[in-house]
Amino acid sequence: MTLVTPTRLSDGRELIYFDATAQAAALHRDHSAVADTRDLPARGATGDARFDALTGEWVAVAAHRQSRTHLPPADQCPLCPTTAGNLSEIPAPDYEVVVFENRFSSFGPSLGALPADAGWGTTAPAHGRCEVVAFDSAHEGSFGSLAPERARTVIDAWAHRTEALSALDGIRQVFCFENRGADIGVTLLHPHGQIYAYPFIPPRSAVMARAARAHFDATDGRETLLAGMLKAERDSGERMIIEGKHFSAFVPFAARWPLEVHLVPHRQVADLAALTDPERDELTTVYLDLLGRVDRLYSTPTPYIAAWHQAPLDPLLRPASRLHLQLTSPRRAEDKLKFLAGSEAAMGAFINDTTPELVADNLRNAVGTTAKDLP
């Protein structure tokens, strides 16, 4: 059982300790031992959300993020435990997993709904919330380098925050993710991820949710789209990588990226908060296995974005949508990256330089050895 201890930083932001051991939780419950002694300035105002009438999409304008921390030296890392020489974002001298409100937030701290009648020139507060998830107190690493016990605690933290953020006023989508590697744009080496609680359904989620709802309606509610795709992939086997009791991982038939894997629960489940303890236990094992295979493809760690797609909070779209992970990497060979240029960046029309079947084969074989480069 994961123990949850909430507290506040000196500027009022929420910070929550997640501990698998009672000893660690007892330390954090003694607030006098872990108080944030920094004299931080007051939190800034919420940024803007501007409506793009050409696409019907919202764009956040967060100019204050220009001053966020960028690749600090190890002894000044804002995610390491606090020491006398480094009063970090985490006041405790040690911790297991921590979640706190991002000081350089793209959304929030205000909450509320965006205007429903938006058009050209509509500007509103960029309501919502952005949180940082520190996976471990060690300075370097990623989710894949965690011990299974620590990884399981992170999954519990994701689930806890998904449930809490989903209940906030105006939130329509909760997104947990990890950016890994400088090629992805990571600005802190400390193992961490983020959670965004959006005041709108982001464009890619909206596209997938509409497709899922259309399939759900076409089958009279008998099957979700992702359930049908998972069955087809398992029946085929060509692109399957891992099959467990509760989760399976495969390279999708129409993969957009040189390296792309979907990790899908076998049961219809909307979000991480709805997973049972046995499902979370297996997810820990399967996810660490998958990340290990991804890193064994090459002689150096693979950059990736690990994106947990959870069902939107819209009551029409939610029943048809299923939780799943989309792990993507622009790495197409040992020393080559896929850049989003004219067709992808301007038109959203992806051209994949690899075949999903070969990628799946390489990942299946990436067990304790280095697999071949993707072509």
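Procedures and definitions
Residues take numbers from 1 onward in each chain, read along the sequence in its written order. Under the rules for a predicted model, residues below a pLDDT of 70 receive no local features and side-chain atom pairs below 80 are neither given nor counted, while totals for whole chains, interfaces and linings still include all residues. Only hydrogens and water are removed before side-chain values are computed, so all heavy atoms of the structure are retained for them. Secondary structure follows DSSP: runs of H or I at least 4 residues long count as helices, runs of E at least 2 residues long count as strands, and numbering of each begins at the N terminus. Relative accessibility thresholds used throughout: buried, under 20% of the residue-type maximum; exposed, over 50%; partly exposed, between the two (1.4 Å probe, protein chains only). Residue contacts are defined here by distance: any two heavy atoms, one from each residue, within 4.5 Å place the two residues in contact. A strand pair is defined by DSSP finding two or more bridges across the two strands. Orientation is described by lines fitted to C-alpha atoms, with helices fitted over the stretch in contact, and by angles between N-to-C directions that extend from 0 to 180 degrees. A helix's residues, less one, multiplied by 1.5 Å, set its expected span. Arc definition: directions from the helix axis to the C-beta atoms.

Undergrad: Explain the side chain of Arg 161 to me, using residue names and the numbers behind them.
TA: Looking at the element boundaries, Arg 161 is found in helix α2 (residues 148-166). For Arg 161, a relative accessible area of 4% corresponds to the buried category. The contacts of Arg 161, once residues within four sequence positions are left out, are Glu 14, Ile 16, Phe 18, Val 99, Arg 129, Glu 131 and Ile 195.

Undergrad: Could you give an account of the sheet that holds strand β10 (residues 240-243), with specific residues and numbers?
TA: Each strand in a sheet pairs with its neighbour through backbone hydrogen bonds, running either in the same direction (parallel) or in the opposite one (antiparallel). Here eleven strands make up an open sheet; going across it, the order is β1-β2-β5-β7-β9-β8-β13-β14-β12-β11-β10 and the pairing antiparallel. Of all the strands in the sheet, just β1 (3-8) and β10 have a single pairing partner and so form its edges. Adjacent strand axes in the sheet meet at a mean angle of 20° when their direction is disregarded. Where strand β11 (residues 247-250) lies against strand β12 (residues 259-265), four bridges are found, and the strand directions are antiparallel. Each residue of the ladder has a partner; that of Ser 248, found in β12, is Val 264. Where helix α4 (residues 225-236) meets the sheet, it contacts β10, β11, β12 and β14 (324-329), and its direction lies at approximately 70° from that of β11.

Undergrad: I'd love a proper account of the pairing of β11, names of residues and values included.
TA: Alternating positions in β11 separate into two faces, Phe 247 and Ala 249 on one and Ser 248 and Phe 250 on the other, with burial throughout. In terms of strand pairing, β10 meets β11 through three bridges, oriented antiparallel. Across the sheet, Ile 242 pairs through a bridge with Ala 249, a residue of β11. Once β10 ends, the chain turns through three residues before running back antiparallel as β11.

Undergrad: I'd love a proper account of the sheet that holds strand β6 (residues 123-125), names of residues and values included.
TA: Here we have three strands laid out as an open sheet, ordered β4-β3-β6, and antiparallel in their pairing. The open sheet is flanked by β4 (57-61) and β6, the only strands paired with a single partner. Averaged over all pairs of adjacent strands, the angle between strand axes in this sheet comes to 35°, irrespective of strand direction. For strand β3 (residues 48-52) and β4, the ladder comprises five bridges, and the chain directions are antiparallel. Counterpart to Phe 51 in the pairing with β4 is Trp 58.

Undergrad: Give me helix α3 (residues 203-218): which residues, what numbers.
TA: Since one α-helical turn is 3.6 residues long, residues separated by three or four positions face the same way. The first and last C-alpha atoms of α3 sit 23 Å apart over 16 residues, in line with the 22 Å expected at 1.5 Å per residue. Within α3 the residues assigned to the buried category are Ser 205, Ala 206, Ala 209, Ala 212, Arg 213 and Phe 216. In a view along the axis of α3, the buried residues occupy a sector of 130°, so they form one face of it. α3 presents Arg 210 and Ala 218 as exposed residues on the side facing more than 90 degrees away from its buried surface. Close packing links the buried residues of α3 with β8 (173-180), α4 and β13 (304-309). In the stretch just after α3, Asp 220 is the one whose phi turns positive, near 55°.

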